[in-house]
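Take a look at the letters that make up each chain.
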Amino acid sequence: MIKSQRRIAKRYRKLVFDSLADKDGAPQIGDLTITNFTFNENQKKGQFRITFNIDRQFCCSDTSSCQSDYMDFDFTYASNTLAAVGHFMSWDMDN
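Computed from a predicted model, the values in this text were never measured in an experiment. (Residues numbered from 1 in each chain as written. Predicted model: local features only at pLDDT ≥ 70, side-chain atom pairs only at ≥ 80, totals over all residues. Heavy atoms only, no water.)

Participant: Sorry, what's going on with the sheet that holds strand E2 (residues 45–58) here?
Facilitator: Spatial ordering of the open sheet is given by E1-E2-E3-E4, a layout of 4 strands whose pairing is antiparallel. Lying at the two open borders of the sheet, with one neighbouring strand each, are strand E1 (28–40) and strand E4 (81–87). On average, each strand axis in the sheet is tilted by 25° relative to the strand beside it, whichever way the strands run. Bridging between strand E3 (residues 63–78) and E4 involves 7 bridges; their strand directions are antiparallel. Bridge assignment links Thr-76 to a residue of E4, and that residue is Ala-83. Each of E1, E2 and E3 touches helix H1 (residues 2–19); the most contacted strand, E1, lies at about 105° to it. (Pairing = 2+ DSSP bridges. Helix = DSSP H or I, 4+ residues; strand = E, 2+ residues; numbered from the N terminus. Axes fitted to C-alpha atoms, helices over the stretch in contact; angles between N-to-C directions. Contact = heavy atoms within 4.5 Å.)

Take a look at the structure:
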């Protein structure tokens, strides 16, 4: 079970990283936590939120930053398979 959890976390980190418009500071996605989990047993559907941090280390200026964010998912569960769909919204202001 641990191996599959690591694989899912790795794929999720890649999904969020690929969604970032600003990749300055070599962003690292970490501290993944599932919250707000709901499941309708009759419809075999539900929702959950994954919260995470985006850590950055800027080598030229020797500074770092950390931003907390989240991604909401809708899912269905059938045949022992959970199929989830989520969208990441980058909240960065781009002037």
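Participant: Help me out: how do you make sense of the environment of Lys-14 in this one?
Facilitator: One can find Lys-14 in helix H1. Taking the relative accessible area as the measure of exposure, Lys-14 reaches 52% and is therefore exposed. (Buried < 20%, exposed > 50% of the residue type's maximum accessible area, 1.4 Å probe, protein only.)

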